[in-house]
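# An overview of the molecular structure
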Amino acid sequence: MKVSSEPIENCQVALNVEAEDAELDKYMKLAYNHLVGRVAVPGFRKGKTPRSILEQHIGKEAFLQEAMEHMIPDLYTEALKDQKIEAIDQPSIEVLQDEPVKFKAIVPIKPTVKLGSYKDIRIESSKKEITDDDVEKTIEQFRAQKATLVSVDRPVQFGDVITMDIEAKQDGKVVINRKDAVYEVVKDSYVPLPEFSEKMVGLAKGAEIDFVLSYPEDYKIKQVAGKEFQLKVIVGEVKEKNLPELNDEFAKESGQETVAALKGQIKKSMQETVDARGRQEFEQKSLDSAVEMSDVQYPPIMKKREIERIVRNDVKNFPDGVKGFERYLKSIDKTPDDYQREIEEIANRRLLRAIVLGKIAEEEGVKVEEPEIDAEIERMVSGSENQEDLKNFFNLPQSRDSISETLLTQKALKVLTDITSGNAAAESK
Amino acid sequence: MHIYEVVRRPVVTEKGTIMQEQGKYAFEVAPDSTKEMIKQAVEKAFKVNVTKVNIIAMKGRTKRMGKREIVTPSWKKAVVTLEAGQKIQLFEGV
């Protein structure tokens, strides 16, 4: 075997391998042993055909093809060892000639990273405080959810809920005809038609009204834009929304003793959400600036794999798989090409982040120890049923690996954010 | 009968391949050919010397096509023995 290799762009190595006759012969024999049992030649029982007759029968090319199928992977692994190349994925192999067999393999190798001076990154963390105003707003929403409807004997106002019989005609054809339809009268509503709710205001129970409305020419839904409808409405009941009073009673319904306690609890949980989001943003920002100052190169196959992963994940959201997904793309007016470009961008960003973070973890000596994984598994199973089964599942080597990876990412992010927030420098002083 | 019509095709089988080691080659030949004719035909076609010719009459086999029974044609097989060391390329493969 003659091997030569040369690095080419994007973290790939071109490997030129030429097989020697003895090697070819060995694999030809192997190919014969494989084929002889499968091919029935007239006049011979399966497995009894001599090599020369078999070659004549199926053709030299097919024979060589079979031989190369085994030979190339073997020679490839041997060549990798010979050249001390660490491949991270399947190579793309191109056969250059048949006799002697010569092939070229493009081997993807580990990405190279030149980290910038990530230790100098400083990022302002912006902490957002939840104000009492925010809490008030949330409580208002709570009250609106808990509102009860009370029939009133007065003309319709905005904010009321009415029942009505409605009949809509378009060019004399009835398109809607419903009895006792429930309708919430909201200002500037587009449902069912623009200005419909305005027409309702001021009507009393039992009132009958005929009017004509049309959609504006530039309406979003093309089928009805500019169309005219004749409507006939008979108002049934008029109901007022009755918001529950904000008192301890209300608080108890939400699981708290007093209004103050409820407010406190809402504030706390809102603050937690905001903090978590802030922390995440901060992590992303830190990582992004680390990525920005780094020089990363990776083989294209990594991107391809990442894209595959994203597509698989996206498709999984649709019960009928790829078909449903394509329909969805159509419904949001995107061609598969647009989508492809979009996820390519995402894949690129994700890869850069992962590679840079991995490198930082390496530089900073971040490691995950076995007991930490145990602790994490303990934490994950706690509070769930059949803990034993879950534990067994998490203790499988693959899931342990993936847990370890997650932990490593978390720890590395922690180290990075400590640096970018200036905490690490303060500690070392 | 012309000499070119005597030898019809080589018979390539497991048994035939084994016999090649002893310098024996099998052919399907015309049903009304004689040993002498076969000898001349093989010598002319393959430029070899034939020392012996054996003839076997191959009976047609009965086959069933649904309800009907058919008999495949009978034919004549000849095994020719060459002088030691001689070979017929036609059988030797690629």
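The secondary structure content of chain A amounts to 14 helices and 11 strands. The burial tally for chain A puts 32% of its 429 residues in the buried class. A separation threshold of at least 6 residues defines the contact pool for chain A, and within that pool the share at least 24 residues apart is 63%. A total of about 27,100 Å² of accessible surface is found on chain A, and carbon and sulfur atoms cover 49% of it.

A few words on the confidence of the model for chain B. Fine structural detail should not be taken from predicted coordinates in areas where pLDDT scores are low. Predicted confidence across chain B gives a mean pLDDT of 89, with 96% of residues reaching 70 or more. On the interface metric, ipTM, the complex scores 0.77, and its pTM is 0.54.

Our next topic: the packing of helix H2 (residues 51-58) of chain A against helix H3 (residues 60-83) of chain A. Residues and elements named next belong to chain A. As a packed pair, H2 and H3 sit with axes 6 Å apart at the nearest point and diverge in direction by 110 degrees. Taken as axis vectors, H2 and H3 run roughly perpendicular relative to one another. On H3, the residues touching Arg51, Leu54, Glu55 and Ile58 of H2 are Lys60, Ala62 and Phe63. Residues belonging to the contact of H2 with H3 are distributed by class as follows: 4 nonpolar, no polar and 3 charged.

A separate point is unusual backbone geometry. Its identity is not glycine, yet Lys47 of chain B carries a phi of approximately 55 degrees, on the positive side. Take Lys47 of chain B: it is sitting in the loop between helix H2 (35-46) and strand E3 (50-58).

Looking now at the sheet that holds strand E4 (residues 102-108) of chain A. All names here are of chain A. Read across the open sheet, the 4 strands follow the order E1-E2-E4-E3; overall the sheet is antiparallel. Two strands lie at the open edges of the sheet, namely strand E1 (2-8) and strand E3 (92-97), each paired on one side alone. The average undirected angle you get between the axes of adjacent strands in this sheet is 20 degrees. Pairing between E3 and E4: 5 bridges, direction antiparallel.

Attention now goes to the packing of aromatic side chains. All names here are of chain B. Scanning all chains against the criterion turns up 1 aromatic pair over all chains. Seen from their ring centres, Phe27 and Phe46 are 5.7 Å apart, and the 25 degrees between their planes marks the pair as stacked. Within this pair, whereas Phe27 is found in strand E2 (residues 24-29), its partner Phe46 is found in helix H2, the two being separated by 19 residues in sequence. We classify Phe27 as buried; its relative accessible area is 1%. Given a relative accessible area of 24%, Phe46 falls into the partly exposed group.

Before going further, it helps to examine the nonpolar core. Residues and elements named next belong to chain A. Counting residues in each nonpolar core, the largest one holds 32 residues, and the members touching the most others are Leu15, Leu54 and Met71. The biggest single contributor to this core is H3, with 10 residues. When neighbours within four sequence positions are excluded, Met71 is seen to be in contact with Ala19, Glu23, Leu24, Tyr27 and Val101.

Residues and elements named next belong to chain A. The end-to-end C-alpha separation of helix H8 (residues 300-316) is 24 Å, in line with the 24 Å expected for 17 residues at 1.5 Å each. Buried within H8 we find Ile301, Met302, Glu306, Ile307, Ile310 and Val315. In this structure, the buried side of H8 is in contact with E4, helix H9 (321-331) and helix H10 (336-364).

All names here are of chain B. In space, the 4 strands of this open sheet follow the order E1-E2-E6-E3, with antiparallel pairing throughout. Here the strands that pair on one side only, and so sit at the sheet edges, are strand E1 (7-10) and E3. Taken over all neighbouring pairs, the strand axes of this sheet differ in orientation by 35 degrees on average, direction set aside. Contacts from H2 reach E1, E2, E3 and strand E6 (75-82) within the one sheet, and its direction differs from that of E3 by about 120 degrees.

A contiguous patch of negative charge on the surface is contributed by Glu20, Asp21, Glu61, Asp98 and Glu99 of chain A. Along the chain, the position of Glu61 of chain A falls in helix H3.

About the thresholds
- Residues numbered from 1 in each chain as written.
- Chains lettered and ligands numbered in written order.
- Predicted model: local features only at pLDDT ≥ 70, side-chain atom pairs only at ≥ 80, totals over all residues.
- Heavy atoms only, no water.
- Helix = DSSP H or I, 4+ residues; strand = E, 2+ residues; numbered from the N terminus.
- Buried < 20%, exposed > 50% of the residue type's maximum accessible area, 1.4 Å probe, protein only.
- Contact = heavy atoms within 4.5 Å.
- Areas by Shrake-Rupley, 256 points an atom, 1.4 Å probe, with all protein chains shown as cover.
- pLDDT = per-residue confidence, 0-100.
- Axes fitted to C-alpha atoms, helices over the stretch in contact; angles between N-to-C directions.
- Parallel < 35°, antiparallel > 145°, perpendicular 65-115°, else oblique.
- Nonpolar A, V, L, I, M, F, W, Y, C, P; charged D, E, K, R; others polar.
- Pairing = 2+ DSSP bridges.
- Phe/Tyr/Trp six-rings, centres within 6.5 Å; stacked < 30°, edge-to-face > 60°.
- Core = buried A, V, L, I, M, F, W, Y, C linked by side-chain atoms within 4.5 Å.
- Expected span 1.5 Å × (residues − 1).
- Patch = residues over 30% accessible without salt bridge, like charges linked within 9 Å, V, L, I, M, F, W, Y side chains within 5 Å.
- Salt bridge = Lys/Arg side-chain N within 4 Å of Asp/Glu carboxyl O.
- Lys, Arg positive; Asp, Glu negative; His and termini not counted.
- Charge placed at Lys NZ, Arg CZ, Asp CG, Glu CD.

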